[in-house]
2 protein chains.
Amino acid sequence: MSEPLQIGLVLFPKVTQLDFTGPLQVFSSVPGAKVHLIWKRIEPVASDTPLVLTPTVSFADCPQLDVICVPGGIGSDDMINDEEMLDFLRRQAVGAKYITSVCTGSLVLGAAGLLQGYRAATHWTAMEYLSSFGAVPTKTRVCVDRNRVTGGGVTAGIDFALTLVSMMVDQKAAEAVQLRLEYNPAPPFNAGSPDTAPAELVAMFKEKIAPSRQRRGDAIARAAARLEQRKISAA
Amino acid sequence: MSEPLQIGLVLFPKVTQLDFTGPLQVFSSVPGAKVHLIWKRIEPVASDTPLVLTPTVSFADCPQLDVICVPGGIGSDDMINDEEMLDFLRRQAVGAKYITSVCTGSLVLGAAGLLQGYRAATHWTAMEYLSSFGAVPTKTRVCVDRNRVTGGGVTAGIDFALTLVSMMVDQKAAEAVQLRLEYNPAPPFNAGSPDTAPAELVAMFKEKIAPSRQRRGDAIARAAARLEQRKISAA
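Cut-offs used in this document
- Here, residues in each chain are numbered from 1, in the same order as that chain's written sequence.
- Written order decides the labels, with chains lettered from A and ligands numbered from 1.
- Local features in this predicted model are restricted to residues of pLDDT 70 or higher, and side-chain atom pairs are both shown and tallied only at a pLDDT of 80 or more, whereas totals for entire chains, interfaces and linings draw on every residue.
- In computing side-chain properties, one takes all heavy atoms of the structure into account and sets aside hydrogens as well as water.
- Helix and strand definitions here come from DSSP, where helices need a minimum of 4 consecutive H or I residues and strands a minimum of 2 consecutive E residues; each element is numbered from the N-terminal end.
- In this setup the radius of gyration rests on C-alpha atoms only. A globule is expected at 2.2 Å times the number of residues raised to 0.38.
- To sort residues, take the accessible area from a 1.4 Å probe on protein chains only and compare it with the maximum for the residue type: under 20% means buried, over 50% means exposed, and anything in between is partly exposed.
- The Shrake-Rupley method, run with a 1.4 Å probe sphere, supplies the accessible areas, and residue values consider only the shown protein chains as cover.
- In this scheme, strands are said to pair when DSSP sees at least two bridges between them.
- Whether two residues are in contact is decided by their heavy atoms: any pair within 4.5 Å suffices.
- Only C-alpha atoms enter the line fits that serve as axes; for helices the fit covers just the stretch in contact. Angles between N-to-C directions range over 0 to 180 degrees.
- When the copies are superposed, the least-squares fit takes in the C-alpha atoms of residues with a pLDDT of at least 70 in both.
- Two parts placed together each lose some accessible area; with a 1.4 Å probe, that loss summed over both constitutes the buried area.
- Salt-bridge detection follows one rule: a side-chain nitrogen of Lys or Arg within 4 Å of a carboxyl oxygen of Asp or Glu.
- Roughly parallel covers angles under 35 degrees, roughly antiparallel covers those over 145, roughly perpendicular covers 65 to 115, and oblique covers all other angles.
- Crossing handedness: left-handed means the near helix sits turned counterclockwise from the far one by under a right angle, and right-handed means the same turn made clockwise.
- Amino acids are sorted into nonpolar (Ala, Val, Leu, Ile, Met, Phe, Trp, Tyr, Cys and Pro), charged (Asp, Glu, Lys and Arg) and polar (every other residue, Gly among them).

- Taking an unreviewed UniProt entry as the reference, chain A is identified by name as Cyclohexyl-isocyanide hydratase belonging to Bradyrhizobium lablabi.

Next up, the structure:
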């Protein structure tokens, strides 16, 4: 790939900051990569933690990207019905070499019509929504289907980004980043997946997120209807 | 522990942002935790990536913390000789329940005189410097010695933070966070440690960082002499 490699991560209010700070650290460690943090305007955006995020470029001023990446978080529920965001993604997707996401960012790609007929990953609690946008839900840490590369929940962003670096540059480049970031994980517990976590913890977690799932389901239904309407208008 | 649990992560120019954004995501997911991002002044600080970091509180206005955490990065080489930072850490350490770090943040704790006689972890490239401050270099992902909890390089911050949550609250609380963050890592390659990475990659990496190691060595020598002088003055 030609240099600089233009990599863009979109931001939005209530993004899960680790969804993109993991990939950001990986991508920024690649020689010859230029990384952009993109939002509608150049003004700070609140994340889901006390960290406020400052974009480096606006939608309007963003150059054509080689990689467009959408992180997830509770704020993605608003983004799936945000035409300004969806238009930006569709516009960039025309020339981008890789169209990517972490966590529920794949729902935003889906709402933009960019995952129709593609396998995709997402956070384990959101898997069922992917088919609303014609994507094939795929339970894997990193899902590669042609030039769509989607990661699972939150921390999967690190595995996703290393995988993408190996595809864009080569395995050696990805390994050099992994060594620098000492990415040799050793989780102290084994609760990182609903398949390995204690059953009562999974049940408690599902109960806790029930209200936000209701809101997400409603937003997905609206976004899916909007995408359908768009297809009919285009036909 | 009483609520809110006051957790503070210090920031500084050229911090490796993933050193603290990992722990930040974990700590912010703990019910009843109040997380502060701390710097000399409330003004944005440049990280080692395009992400600019905005503190939430200044050294002067920071409440007594239950947990003080120092991340690492190339900027830590300046912090080990920064009296304002070292004084802040010493002041907080008096009342803090846990004194902690990620990556080369342990060198800053060491320079503040807070690791004398303690085992500690750090980034694999910095292990040899810990003994300059009377700490016992310990090659482990997360090192717990009494109330000093120190993580290895960069991504070890996630393992560190989950371990600390299990100590401060309980294992169930840590597992709930792990499930939410889908922390079920699957590195695509096996180069996350100098013990597993290809030997030629480790050699290349060491050669690349040689100039910055020279600078780090000089800064460590100055910081160690300064700490020694302080001990003599206090005696």
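1. Observations concerning the overall build of chain A
Inference 1: Within chain A, the regular secondary structure consists of eight helices and eleven strands.
Inference 2: Against the compact-globule benchmark of 18 Å for 235 residues, chain A has a radius of gyration of 17 Å, which places it among compact chains.
Inference 3: For the C-alpha atoms alone, the extent of chain A along its principal axes is close to 50 × 45 × 35 Å.
Inference 4: Across the 235 residues of chain A, 61% fall into the buried class.
Inference 5: Roughly 8700 Å² of accessible area belongs to chain A as shown, and the carbon and sulfur atoms make up 52% of that amount.

2. Examining the pairing of strand β10 (residues 142-145) of chain B
Residue and element names in this part refer to chain B.
Inference 1: Where β10 meets strand β11 (residues 148-151), four bridges bridge the pair, whose relative direction is antiparallel. Across the sheet, the residue bridging to valine 142 is glycine 151, located in β11.
Inference 2: Here β10 folds back onto β11, and the loop between the two strands holds two residues, one of which, arginine 146, carries a positive phi near 50°.

3. Points about the sheet that holds strand β1 (residues 5-10) of chain B
Within a sheet, each strand pairs with its neighbour through backbone hydrogen bonds, oriented either parallel or antiparallel.
Residues and elements named next belong to chain B.
Inference 1: Spatial strand order, β5-β2-β1-β6-β7-β11-β10: seven strands in an open sheet with mixed pairing. Lying at the two open borders of the sheet, with one neighbouring strand each, are β5 (57-58) and β10.
Inference 2: Alignment of strand β7 (residues 98-101) against β11, held across three bridges, turns out to be parallel. By the bridge assignment, serine 101 is partnered in β11 with threonine 150.
Inference 3: Relative to the sheet, helix α1 (residues 17-28) contacts β1 and β2 (33-39), its axis offset from that of β2 by approximately 155°.
Inference 4: Strands in contact with helix α5 (residues 156-168) are β1, β6 (67-70), β7, β10 and β11; relative to β7, the strand with the most contacts, it is inclined by about 170°.

4. Quick look at the relation of the copies chain B and chain A
Inference 1: For these two chains of identical sequence, chain B goes onto chain A by a turn of 180° and a shift of 0.0 Å along the axis, with RMSD 0.0 Å. Between the two chains, the operation in question is that of a two-fold axis.
Inference 2: The overlap is high: 100% of the interface residues of chain B also sit at the interface in chain A, so the same surface is used on both sides.

5. Quick notes on the interface of chain B and chain A
Many analyses report the size of an interface as the accessible area lost when the parts associate.
Inference 1: In this assembly, 60 residues from chain B lie in contact with 60 residues from chain A.
Inference 2: Together chain B and chain A conceal approximately 5200 Å² of surface at their shared face, both sides included; 65% is due to carbon and sulfur atoms.
Inference 3: When the buried area of chain B at its contact with chain A is split by residue, B:Leu179, B:Glu182 and B:Phe189 rank highest and sum to 15% of it.
Inference 4: Two residues, B:Asp48 and A:Arg180, come together in a salt bridge whose shortest N-O distance is 3.5 Å.

6. With respect to the packing of helix α1 (residues 17-28) of chain A against helix α5 (residues 156-168) of chain A
All names here are of chain A.
Inference 1: Packing of α1 against α5 brings their axes to within 8 Å, and their N-to-C directions diverge by 30°. Considering the angle they form, α1 stands roughly parallel to α5. Our pair here, α1 against α5, has a crossing hand that is right-handed. Judged by residue contacts, Gly22, Pro23, Val26 and Phe27 of α1 engage Gly157, Ile158, Phe160, Ala161, Leu162, Leu164, Val165 and Met168 from α5.
Inference 2: By residue class, the composition of the contact of α1 with α5 is ten nonpolar, two polar and no charged.

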